[in-house]
Amino acid sequence: MCGIVGYTGNEQAAPVLLDGLDKLEYRGYDSAGIAVCDGEKIRITKARGRLKILRELTHDGRMLSGTCGIGHTRWATHGVPSNENAHPHFNEAGTIAVVHNGIIENYQKLRNMLTERGYAFASETDTEVVAHLLDYYYKGDPLQAVLKMMNRVEGSYALGIIFQDQPGKIYAVRKDSPLIAGTSRDGNLIASDVPAILKYTRDVYFIQNEEIVCMDAEGLEFFNIDGEPIWKEAVTIQWDVTAAEKAGYEHFMLKEIYEQPKAVLDTLNPRIRDGRVEIEELGMTEEEIRAVRKIFIVACGSAYHTGVVAKYVFEGLARIPTEVDLASEFRYRNPILDSETLVIVVSQSGETADTLAALREAKRRGVRVLGIVNVVGSSIAREADNVMYTWAGPEIAVATTKAYSTQLIAEYLLAIRFAQARGVVSQEETDEMLAELRRLPEHIEMLLGHKEKLQRFANRYIAARDVFFIGRGIDYAISLEGSLKLKEVSYIHSEAYAAGELKHGTISLIEEGTLVAAVLTQEDLYKKAVSNIVEVKTRGAFVLAVTNVGNTEVEKAADYVIYIPETYKYFTTSLAVIPLQLFAYYVAIGKGCDVDKPRNLAKSVTVE
Ligand code: F6R
């Protein structure tokens, strides 16, 4: 959840670190800090709150001189957001500084052990034990101290470490938290994620579990857990640097909403050939696909919501029983898995701890796991048996939009691929579906053109206390996402309900003027959904309906109608979600919320 960065080279380190933290702030933003060594002494500055406070404190880094340093932006787990708990953390003598992303699970035991040996702690964090452990083991050989520390700590970590008596050197190590190293003419870098260093280099090394990197201004060396040197190959990052910048948009969220037509196209195009869906990365023969008797889709948050849609699509199109599970539940509920089961894990970051743990649980039980992942080289991408990438590009806003849309596309394509292999769709139907899929980007573009209308509507609801989203079937799945988008960025309480379920309790919350957003995109369910609209209208609700063009009947029941273009019944989510994303965005900015970095959230949830 936190972001770490490190730089050693010919330039002043602090401005490079602040630049990197700027790009990593989406990973956590309750405090930030940097440690810089001027060749003689390590100096730390840290501050509770946003990075801009740290920038002010350090005069944009000019107050800390030195060409080697590490930085951190925090999402609190152990210990409240405060100056004391902000990273970097020192050993008592102030000669070893550490930044950490992850959780040291046995920190209490280590803390007791170190306290007994006379160490005093300055923070409530789990991280501080690492600084003291390194101090305990350091006898002049940093690599040996790092290896011994790794031997003692349990849990997940990406660590950046500097030692005062090793000027110009950074040590970094990871286990189950992302870490990359980069090399440039002016120096070498570490970071939690590529955007942090993209300004300086495109040549990066993905550090694997229990690998150590040691770098100075001249070069990098890699070691395994036994301290033996290992060779690693650099990967050249192909993205455009501007992909990780705001490009004139006021917020990343809006930029990413607008990038959806392209993201959808990029995810779709390489997988449609000669009237068929071809997914080479699936790595399954026709027989293997036909042998699948059950699919589990496992994910968290919005990625889970795409799974709820995909259940309808897999079952409806490919006729394969499909279960959708929250990753945090799946791993503890002892699901029935066998050799005829396929587990699909869905994740934008590829680092979500619960999803990764679910993947490992499935693999441990001998089940094939397919990852649908956005971040290339992430943990889930590496550990899944096969990985199908969504080509959304870097997603920076904490609330997902374009990654969600591309996950849907990946799932539609998989369902069609499975239906093809099982011979349950005709070529005619496949042609129709593929034509509709290809039309989605232009339909999304068209819906984005209505943003002013949505902004005006959203402005009326910035003071709303509760909002309800209702729908049936796939429309219920869309409602789940619409509701999550709204609550996470605007802090307005919202709930999604299967429309027919509302009257079994929740309808008692509807009062005069309560906003109910009703989604009606499934023709065979129109009538039933309209009845549910009437039920809430009778109790005083104001109803916003999102429905297919041509379904004008709904105007009689709803107060405000947004029409989406006609598409194949299984793909309506891709269109109906667009006005709901825009609505959430405009309500949030109307309220003055920090839409790209909502409170209490982080982009990459690498803790359970
Ligand atoms: C909501 C949101 C989260 C993520 C969830 C899973 O807007 O972004 O609910 O969908 O934390 O994250 P990934 O996809 O990275 O596994």
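Predicted, not measured: the structure shown is a model, and the values here were computed from it. (Residues numbered from 1 in each chain as written. Predicted model: local features only at pLDDT ≥ 70, side-chain atom pairs only at ≥ 80, totals over all residues. Heavy atoms only, no water.)

Our next topic: the packing of aromatic side chains. Applying the stated criterion across every chain yields a total of 18 aromatic pairs. Here Tyr-568 and Tyr-570 contribute two aromatic rings whose centre-to-centre distance is 5.8 Å and whose plane-to-plane angle is 55°, an arrangement assigned as tilted. Pairwise contacts between aromatic rings join Phe-457, Tyr-461, Phe-542, Tyr-560 and Phe-583 into one cluster. (Phe/Tyr/Trp six-rings, centres within 6.5 Å; stacked < 30°, edge-to-face > 60°.)

Within a regular strand, the side chains alternate between the two sheet faces. Where burial is concerned, most of strand β26 (residues 542-548) is hidden: 7 out of the 7 residues are buried. Two strands pair when backbone bridges link them, and strand β25 (residues 515-520) and β26 are joined in this way by 6 bridges, in the parallel orientation. Across the sheet, the residue bridging to Leu-520 is Thr-547, located in β26. Each parallel crossover has a hand, and the one from β25 via helix α17 (residues 526-538) to β26 is right-handed. Bridge count between β26 and strand β27 (residues 560-564): 5 bridges; the pairing is parallel. Looking at β27, one finds that Thr-547 is bridged to Tyr-563. (Buried < 20%, exposed > 50% of the residue type's maximum accessible area, 1.4 Å probe, protein only. Helix = DSSP H or I, 4+ residues; strand = E, 2+ residues; numbered from the N terminus. Pairing = 2+ DSSP bridges. Right-handed = clockwise from strand over helix to strand, strands pointing away.)

In this structure, Ile-344, Leu-414 and Phe-418 are the most contacted members of the largest nonpolar core, which totals 125 residues. If we skip the residues at most four places from it in the chain, Phe-418 touches Leu-282, Met-284, Ile-289, Val-292, Ile-295, Phe-314, Ala-318, Ile-320 and Leu-342. Phe-121, Leu-143, Leu-159 and Ile-212 belong to the second largest nonpolar core, which has 32 residues in total. (Core = buried A, V, L, I, M, F, W, Y, C linked by side-chain atoms within 4.5 Å. Contact = heavy atoms within 4.5 Å.)

With that settled, consider the domain arrangement of the protein. By convention, interface size is frequently given as the accessible area that disappears when the constituent parts associate. What the domain assignment lists for the protein is domain 1 (3-237), domain 2 (252-447) and domain 3 (451-591). Look at where the C-alpha atoms of domain 2 and domain 3 centre, and you get two points 25 Å apart. At the interface, 33 residues of domain 2 touch 27 residues of domain 3. Inspection of the region where domain 2 meets domain 3 yields 0 salt bridges. (Domains from an automatic or database assignment. Salt bridge = Lys/Arg side-chain N within 4 Å of Asp/Glu carboxyl O.)

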